[in-house]
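Chain and residue survey
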Amino acid sequence: MREQIRTPILSVLGHIDHGKTTLLDSIRGTAVAAKEAGRVTQHIGATEIPISTIKKICEPLKKDWAGIEVPGLLFIDTPGHQAFVSLRKRGSALADVAVVVVDVKEGFQPQTYESLNVLRSLKTPFVVALNKIDRIKGWQSQKKPFVLNYRDGEQPDFARRELDARVYEIVGDLHEKGFSADRYDRINDFAKAVGIVPLCAKTGEGVADLLLVLIGLSQKFFERTLRVHLEEAGVGTILEKKEERGLGTTIDVILYDGRLRVGDRIVMGSTAGAGAGEPLVTRVKALLKPRALQEIRTEQRFERVRAVNAASGVKIVAPGLENALSGSQVRVVGVRTGGNLESVVKEVKGEIEEMRTEMETSPEGIIIKADTMGSLEALSLELKAVGVGKVKKAEVGNISKRDVIDAVAVKDGFLRVILGFNVGVLPDAKEAALESGVPIFRNDVIYRLIEDYEGWVKAEKERERKEFLDRLTTPAEIKILPGCVFRQSKPAVFGVEILGGKIRTGVKLIKSDGTGVGAINEIQDRGESIKTAGQGMQVAISMKKPTVGRQIHENEVLFVDVSEAEVEEMKARGLLSAEEEAILERVLEIKIK
């Protein structure tokens, strides 16, 4: 059986606007990035860079290519790390190596940290592309290798120093996350340290350095695993499903093992049936492959091919692809190699079930929906990382009425929600959610989706706290202001300053020796009656019971009397601020005395 080394598969990750698409555009030499809405990648694609092109780009850095068998590099252009997770092969990431793009000025951001979490969980080696070095003051960025430009006498010392400082900031951030790292040209063993490649995607500086590091990593780490059998039945992963004029529904697939031919029977996950992911069986009608250096989603004509070998990006035309599940495996039944349909269906089903069981669910939890199984897993992983570990249901597809009904059954109000990543809301679901009061959060960026949910939880807890505290007597400390006694008794009217906490009409006050002096009848601020007054305010209060000069005096400090039942309630719910807690402790000490 013939063997060959397949093209390594690479994925580009990083925070929004840090330059993922611009970097790929710089490598590829096409204008894909300029077409992106707001410079944020909207679709998944794949770009094949042949070794001949890489050799040409890297010529100033490397002349001797002996021992390099890798036929090139296949880049997957992903909209963030969630797509990276979506693209899976059994037990690991589809990508062999990842490039984490970081803006040299902004450093690590929320999505950068999310990317590192995902890379660690899937044990994927990676390189950091420290982008936008042209923004460093005084740096003269040119289309040449970074190491040559850095050593060039044209770079001012202060610019080099700032760049070094930025690199070591990233080294520190990676160290905190448990990764050893350094600038790539200072590393002897890439198996022990993460390489940082400073570059500028806009000018092309450092692109040669990055490609050289990626080729070296691919050759060293994957010499054995990149070997594929050309005659084996093909295995790939669905990047995305899309409608093509004249072709109907097609799927873009990365084939990472074996061979795929026109006429082959293929099996993949499906969104149809009772549960998303039930295998779909169809036959390949046509294979469309982009030419080298053409990215799958550019508006170029594809060439029709009879067969493709791993690794490559290919568009499959076949009947029934409307129900194909993005992110699932595609397996060739392999008539020519004696494949068995039943065993292949079982294999695909097993892979989907495996991904489902990796996501823990509980009877009390939030409901999450996403466009692919991998996206669900990424969302589940990030929710766990921020302490929201309870998920009741995790499914692929748009938010339905059934999801709303399931959410209504959740007892905890803060978990009675639906989170949707890259999905729509069906009309009947929208109506049901409005009627039942179930909040639906949707976004196409995971960290923003979680931020929206966390912001809502915080606001709801604060609202509940205020409503509850309005019903309770809360601790407060006030001081009778000198020269502000307007009436001595029946009722006593005098000015006070609220030193801490909050007073309201009806609360009872006690002195520092525990003696009760009656309740507040009225509170006035600049002649207007108000119900409550908070810390820092100076207001007038009226009280029927005490006489100023006898039971109470100017400059005296009084406290709101809080019952034991209310103390227990507030402590159990954790509703008091640190200052209110301190006042409460003083009140309790007074009562004990």
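Residues numbered from 1 in each chain as written. Predicted model: local features only at pLDDT ≥ 70, side-chain atom pairs only at ≥ 80, totals over all residues. Heavy atoms only, no water.

**Details of the overall build of the protein**
Quick note on the threshold: Secondary structure elements are taken from DSSP: a helix is a run of H or I of four residues or more, a strand is a run of E of two residues or more, and numbering for both begins at the N terminus. To measure how exposed things are, a 1.4 Å probe is used in the Shrake-Rupley method; for residues, cover is taken only from the protein chains shown.
If you tally the helices and strands in the protein, you get 15 helices and 34 strands. Carbon and sulfur atoms provide 48% of the accessible area of the protein, an area that totals close to 26,700 Å².

**Section: the pairing of strand 29 (residues 516–519)**
This is how it is decided: Strand pairing requires that DSSP identify at least two bridges connecting the strands.
Pairing of strand 28 (residues 508–510) with strand 29, which is carried by 3 bridges, proceeds in the antiparallel orientation. Paired with Lys 508 across the strands is Ala 519, a residue of strand 29. Between strand 28 and strand 29, which pair antiparallel in sequence order, lie 5 residues; one of them, Gly 514, sits at a positive phi of approximately 95°.

**Looking at the pairing of strand 26 (residues 476–487)**
Pairing analysis gives 7 bridges linking strand 26 to strand 27 (residues 492–504), with the strands arranged antiparallel. Of the residues in strand 27, the one forming a bridge with Ile 480 is Val 496. Linkage of strand 26 to strand 27, two consecutive antiparallel strands, is achieved through a turn of 4 residues, within which Lys 490 is found at a positive phi near 50°.

**Comments concerning the environment of Val 314**
So the rule is basically this: When accessible area is computed with a 1.4 Å probe and restricted to protein chains, residues below 20% of their type maximum are described as buried, those above 50% as exposed, and intermediate ones as partly exposed.
Residue placement: Val 314 occurs in strand 20 (residues 312–317). Taking the relative accessible area as the measure of exposure, Val 314 reaches 0% and is therefore buried. C-alpha of Val 314 to C-alpha of Leu 255: the two residues are 59 residues apart in sequence and 7.4 Å apart in space.

**What to know about the sheet that holds strand 24 (residues 418–421)**
What links the strands of a sheet is backbone hydrogen bonding, and the strands pair in either a parallel or an antiparallel sense. Quick reminder of the rule: Interaxial angles span 0 to 180 degrees and are taken between N-to-C directions of axes, which are lines fitted to C-alpha atoms, for helices over the stretch in contact. Contacts are assigned to residue pairs that have any heavy atoms within 4.5 Å of one another.
Read from one edge of the open sheet, 4 strands run 23-22-24-25, paired in parallel fashion. At either margin of the open sheet sits one strand with a lone partner, and together these are strand 23 (391–396) and strand 25 (440–443). This sheet shows a mean twist of 15° between the axes of neighbouring strands, independent of strand direction. Sitting on the sheet, helix 11 (residues 401–408) touches strand 22 (366–370), strand 23 and strand 24, and the angle it makes with strand 23 is about 175°.

**What about the nonpolar core?**
Grouped burial of nonpolar side chains is what soluble globular proteins tend to show. So the rule is basically this: Each nonpolar core is a collection of buried residues, namely Ala, Val, Leu, Ile, Met, Phe, Trp, Tyr and Cys, held together in the definition by side-chain atoms within 4.5 Å.
The biggest cluster of nonpolar side chains holds 61 residues, and the ones touching the most others in it are Leu 23, Ile 54, Phe 75, Phe 126, Leu 174, Ile 196 and Leu 214. Here the element with the most residues in this core is helix 8 (residues 207–222); it accounts for 9 residues. Counting 31 residues, the second largest nonpolar core, distinct from the first, contains Val 267, Val 344, Ile 366 and Val 457.

**Concerning helix 5 (residues 110–121)**
Let me state the cut-off plainly: Multiplying 1.5 Å by the helix residue count minus one yields the expected span of that helix.
With 12 residues, helix 5 should reach 16 Å at 1.5 Å per residue; the first-to-last C-alpha distance of 17 Å fits that figure. Within helix 5, the full set of buried residues consists of Gln 111, Thr 112, Glu 114, Ser 115, Leu 116, Val 118 and Leu 119. Immediately beyond the C-terminal end of helix 5, within one or two residues, lies Lys 123, with a positive phi of roughly 55°.

**Re the side chain of Gln 219**
Tracing the sequence through the fold places Gln 219 in helix 8. With near-sequence residues (within four places) excluded, Gln 219 lies in contact with Gly 67, Ile 68, Glu 69 and Val 70.

**Considering the sheet that holds strand 13 (residues 248–257)**
Strand order in the open sheet formed by 8 strands is 16-15-21-12-13-20-17-18, with antiparallel pairing between adjacent strands. The sheet terminates laterally at strand 16 (280–283) and strand 18 (303–305), the two strands that pair on one side only. Across the sheet, the mean angle from the axis of one strand to that of its neighbour is 35°, orientation sign disregarded. With 9 bridges connecting them, strand 12 (residues 235–244) and strand 13 associate as antiparallel partners.

**A word on the pattern of salt bridges**
Working definition: two side chains of opposite charge can pair if their charged atoms are close together. Defined as follows: We count a salt bridge whenever a side-chain nitrogen from Lys or Arg sits within 4 Å of a carboxyl oxygen from Asp or Glu.
This model, assessed by the stated rule, comprises 25 salt bridges. Between Glu 244 and Lys 315 there is a salt bridge whose closest N-O contact spans 2.9 Å. You can see Glu 244 sitting in strand 12 and its partner Lys 315 sitting in strand 20, a full 71 residues away along the chain. Of the residues examined, Glu 244 reaches a relative accessible area of 23% and is grouped as partly exposed. Since its relative accessible area comes to 2%, Lys 315 is described here as buried. When salt bridges that share partners are traced, they join Glu 240, Lys 242, Glu 244, Asp 252 and Lys 315 into one network.

**Re the environment of Ser 115**
Relative to the elements of secondary structure, Ser 115 occurs in helix 5. Here Ser 115 falls in the buried class, since its relative accessible area comes to 0%. Each C-alpha atom of the pair Ser 115 and Ala 98 lies 9.7 Å from the other, and the pair is 17 residues apart in sequence.

**A few points about the packing of aromatic side chains**
Keep this limit in mind: Only rings of Phe, Tyr and Trp enter the pairing, Trp through its six-membered ring, and a pair is recorded when the two centres are within 6.5 Å. The plane angle decides the type: under 30 degrees is stacked, over 60 is edge-to-face, the rest tilted. By the criterion adopted, a ring carries a charge over it if an Arg CZ or a Lys NZ lies within 6 Å of its centre and within 35 degrees of its normal.
A complete count under the given rule lists 8 aromatic pairs for this structure. Note on Phe 126 and Phe 179: the rings are 5.1 Å apart at their centroids and 85° apart in plane angle, and the pair reads as edge-to-face. Of this pair, Phe 126 sits in strand 8 (residues 126–131) while Phe 179 sits in the loop between helix 7 (157–176) and strand 9 (181–183); the two residues are 53 residues apart in sequence, bridging distant segments of the chain. Every member of this aromatic cluster is reached through a ring pair, and the members are Trp 139, Phe 146 and Tyr 150. When the ring centre of Tyr 150 is taken as origin, the NZ or CZ atom of Arg 160, which lies over that ring, is 5.8 Å away.

**Focus on unusual backbone geometry**
Of note, the bond from Ala 310 into Ala 311 is cis; its omega dihedral lies within 30 degrees of zero at -5°. If you trace the backbone, Ala 311 turns up in the loop between strand 19 (307–309) and strand 20. Between Lys 490 and Pro 491 the backbone carries a cis peptide bond, its omega angle lying at -10°. By secondary structure assignment, the location of Pro 491 is in the loop between strand 26 and strand 27. With a phi angle near 65°, Lys 132 is a residue other than glycine that sits in the positive phi range. Within the fold, Lys 132 resides in the loop between strand 8 and helix 6 (146–151). The phi dihedral of Arg 526 falls on the positive side, at around 55°, and the residue is not glycine. Among the structural elements, Arg 526 can be located in the loop between strand 30 (522–525) and strand 31 (528–530).

**Here we look at the environment of Gly 195**
Tracing the backbone through its elements, the reader meets Gly 195 in strand 10 (residues 194–198). Taking the C-alpha atoms as reference, Gly 195 lies 6.0 Å from Ala 181; in sequence the two are 14 residues apart. With residues near it in sequence (within four places) discarded, Gly 195 still touches Val 127, Val 128, Asp 182, Tyr 184, Ile 187 and Phe 190.

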